[in-house]
Amino acid sequence: MKKSLLVLLFGFLAIVLAACGGDSEEAGTEADETAVVGDDIEGATELTLWTFVGQHMDLYTDAAERWNEENPDRPIKLNAETYPFEQMHNNLLLAVQSGQGAPDMADIEIGQFANFLQGEVQLEPMNEYVEPVLDKAVTSRFENYAKDGNYYGLPTHVGATVMYYNTEIMDQAGVDIDSIKTWDDFVEAGKKVTENTDAVMWNVGTDDWLMDMWPMISQQGSDAFDENGDVILDNETNIKTLQFLEDLIYKEKIAEITPGGMNQSEEFYGYYSEGKSASILAPLWYMGRFLDNMPDLKGKIAIRPMPAWEEGGKRSAGMGGTGTVVTNQSENTELAKEFLAYAKLSEEGNIKLWTELGFDPPRWDTWESEEVRADNKYYDYFGEGIFDMLLEIKDDINPLNFTENTPDIISEYHTNVTQTTIRNQSQSPEEALKQAADVVRDQMKK
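Things to note about the packing of helix H3 (residues 56-70) against helix H14 (residues 347-355)
Next, step 1: Close contact between H3 and H14 brings their axes to 11 Å; oriented N to C, the two are set at 145°. Relative to H14, H3 is oriented so that their crossing is right-handed. Packed against H3, whose contacting residues are Leu59, Asp62 and Arg66, the element H14 presents Glu348, Gly349, Lys352 and Leu353 at the interface.
Next, step 2: Taken together, the residues that form the contact of H3 with H14 break down as two nonpolar, one polar and four charged.

Printed below as a string of structure tokens:
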């Protein structure tokens, strides 16, 4: 693995893992686990699966049980294993590169996926299963796991980024959250919050590329890399966005630096629970963070689209994710592909992504199903209307451009860019982003 991936693990791992870890787990930190389904069925074909998220086992074992009930003539014995994040990805990459030792199927975290698309791809294309459902799905999420027209990974969620508002604070400030359509509206609302309450409007993270900078540039059609893999971190859109974030703190004075550096720290959970900030920008999977870490805010949090940069602009971005693949070392390729599509692409499989994991399913045609709309702990906490809101913004989500150097971008952003801009203003956003971009460009030449 590139040395930069190790940097990622120390600086960014907690964020990305939480993105895929579900309600209560810090994915990748649990001990090795094994789950077996179908070992009592004579003649069942064994399929192996690796994951780095213990909670994902619930989805796959449930799917295997349903598969065996519905396909008694083609039963499977699913042997699913959970490993720590680094160990699993390192072992899987070595296995596919060496041509031996890979499982039939595996979860690959979105930030790691580009490493598995280098050279001759050792994964099985899933086009025959993906293409028939694309007109019913958020297609940009499939593009994250594609190369040269082939779809290799099946997404686990949309990861639609939204704004969470503390309605108690917003009401006290005299702000109608439904009137916040643009970032300009957001700033004006923030001024009312700081004038009329003891809270700030928002927090800007220094270790939170995923929770402010990235979604905010993505909704403008920008990224750290372009579609050809060239660094564009220092383009005009990104400079403007970082300047905006800095201005929220020092010019507009409606935001503070995120306690703990990120909104998934114990320090931040306590801070936000005490009503010291009015909003959080995060993907929909962050709902589980509220239930587990901020239970006292039940009934006080409303979910709305991201503010747009201009009237009619995009109001969301897709963040975090896991693509599940079939490796070309499988001895039962067609069965593995069919089972994986059954588990993650079928209508029932997508419904289970919500009911089992609390994730927003990639297939939006399931969002109005009776099962998805049935009462559960998320509706109990946040109220109804979550998927009505998602239906409004499903076409606003752009694909992300990942490369093997994405970890280098993230490391530079957390280690240098935010420190010299957001924390101490020793560099301008333009200077900091240009310096970081040049560092990564130099690394790419080596």
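Points about the sheet that holds strand S13 (residues 322-326)
Next, step 1: Here we have six strands laid out as an open sheet, ordered S1-S3-S2-S4-S13-S7, and mixed in their pairing. In the strand order of this sheet, the two ends are held by strand S1 (33-37) and strand S7 (154-155), each with one partner.
Next, step 2: Packing against the sheet, H3 makes contact with S1, strand S2 (45-51), strand S3 (76-82), strand S4 (105-109) and S13, and its axis sits at approximately 175° to S3.
Next, step 3: Running over the sheet, helix H13 (residues 333-344) touches S2, S3, S4, S7 and S13 and is turned about 155° from S13.

Some points on the confidence of the model for the protein
The predicted coordinates should not be examined in detail at positions where pLDDT is low.
Next, step 1: For the protein, the average pLDDT comes to 92, and 93% of its residues sit at 70 or higher.
Next, step 2: Note that residues 1-30 has pLDDT below 50 and, in this model, 80 contacts with residues that lie over four places away or in other chains.

Points about the sheet that holds strand S11 (residues 279-283)
Next, step 1: Taken in spatial order, the three strands of this open sheet run S11-S8-S12, and their pairing is antiparallel. Every interior strand has two partners, whereas the edge strands, S11 and strand S12 (301-305), have only one. Direction aside, neighbouring strands of the sheet carry axes that sit 30° apart on average.
Next, step 2: Sheet topology places strand S8 (residues 161-166) next to S12; five bridges connect them, and they run antiparallel. Residue pairing for S12: valine 162 is matched across the bridge by proline 305.
Next, step 3: Seen against the sheet, helix H17 (residues 386-393) touches S8 and S12 and runs at an angle of roughly 15° to S12.

Comments concerning the nonpolar core
Next, step 1: Leu78, Tyr164, Met201, Tyr286, Phe290 and Phe339 are the most contacted members of the largest nonpolar core, which has 148 residues in total.
Next, step 2: The biggest single contributor to this core is H13, with seven residues.
Next, step 3: Those residues in contact with leucine 78 that lie beyond four places of it in its chain are Ala35, Val36, Val37, Leu47, Leu49, Tyr60, Thr61, Ala64, Met105 and Phe339.

Points about the environment of isoleucine 76
Next, step 1: Here isoleucine 76 shows up in strand S3.
Next, step 2: Of the residues examined, isoleucine 76 reaches a relative accessible area of 0% and is grouped as buried.
Next, step 3: For isoleucine 76 and alanine 336, which are 260 residues apart along the polypeptide, the C-alpha to C-alpha distance reads 9.5 Å.
Next, step 4: Look past the residues within four positions of isoleucine 76 in its chain and what remains in contact with it is Val37, Gly38, Ala44, Thr45, Leu47, Ala64, Trp67, Asn68, Leu335 and Phe339.

Observations regarding the packing of H3 against H13
Next, step 1: Look at H3 against H13: their axes get within 9 Å of each other, and the N-to-C directions meet at 110°. Here H3 is positioned roughly perpendicular relative to H13, judged by the angle of their axes. In terms of crossing hand, the pair formed by H3 and H13 is right-handed. In this structure, H3 uses Leu59, Tyr60, Ala63, Ala64, Arg66, Trp67 and Glu70 to contact H13, whose residues at the interface are Leu335, Glu338, Phe339, Tyr342, Ala343 and Lys344.
Next, step 2: Of the residues assigned to the contact of H3 with H13, the class counts are nine nonpolar, no polar and four charged.

Some points on a negative patch on the surface
Next, step 1: Residues Glu65, Glu69, Glu70, Glu347, Glu348, Glu370 and Glu371 make up a contiguous surface patch of negative charge.
Next, step 2: Taken together, the elements giving at least two residues each to the negative patch come down to H3, H14 and helix H15 (370-373).
Next, step 3: A per-element tally of the negative patch places H3 first, with three residues.
Next, step 4: The topology assignment puts glutamate 65 in helix H3.
Next, step 5: Note on glutamate 65: relative accessible area 44%, which makes it partly exposed.

Focus on the pattern of salt bridges
Next, step 1: Applying the stated criterion across every chain, the model contains 17 salt bridges.
Next, step 2: Across the pair arginine 441 and aspartate 234 runs a salt bridge, and its minimum N-O distance is 2.8 Å. Within this pair, whereas arginine 441 is found in helix H19 (residues 429-445), its partner aspartate 234 is found in the loop between helix H9 (213-218) and helix H10 (236-250), the two being separated by 207 residues in sequence.
Next, step 3: What makes arginine 441 partly exposed here is its relative accessible area of 26%.
Next, step 4: The closest approach of N and O atoms between arginine 373 and aspartate 388, which form a salt bridge, is 3.0 Å. Placement of arginine 373 in helix H15 and of aspartate 388 in helix H17 is noted, with a sequence separation of 15 residues between them.
Next, step 5: A residue is classified by how much of its surface remains accessible, and arginine 373, at 29% relative accessible area, is partly exposed.
Next, step 6: Accessibility expressed as a relative area gives 38% for aspartate 388, which makes it partly exposed.
Next, step 7: In this structure, a network of salt bridges that share partners links the residues Asp234, Lys434, Asp438 and Arg441.

How each quantity is defined
- Residues numbered from 1 in each chain as written.
- Predicted model: local features only at pLDDT ≥ 70, side-chain atom pairs only at ≥ 80, totals over all residues.
- Heavy atoms only, no water.
- Axes fitted to C-alpha atoms, helices over the stretch in contact; angles between N-to-C directions.
- Helix = DSSP H or I, 4+ residues; strand = E, 2+ residues; numbered from the N terminus.
- Left-handed = near helix turned anticlockwise from the far one by under 90°.
- Contact = heavy atoms within 4.5 Å.
- Nonpolar A, V, L, I, M, F, W, Y, C, P; charged D, E, K, R; others polar.
- Pairing = 2+ DSSP bridges.
- pLDDT = per-residue confidence, 0-100.
- Core = buried A, V, L, I, M, F, W, Y, C linked by side-chain atoms within 4.5 Å.
- Buried < 20%, exposed > 50% of the residue type's maximum accessible area, 1.4 Å probe, protein only.
- Parallel < 35°, antiparallel > 145°, perpendicular 65-115°, else oblique.
- Patch = residues over 30% accessible without salt bridge, like charges linked within 9 Å, V, L, I, M, F, W, Y side chains within 5 Å.
- Areas by Shrake-Rupley, 256 points an atom, 1.4 Å probe, with all protein chains shown as cover.
- Salt bridge = Lys/Arg side-chain N within 4 Å of Asp/Glu carboxyl O.
- Lys, Arg positive; Asp, Glu negative; His and termini not counted.
- Charge placed at Lys NZ, Arg CZ, Asp CG, Glu CD.

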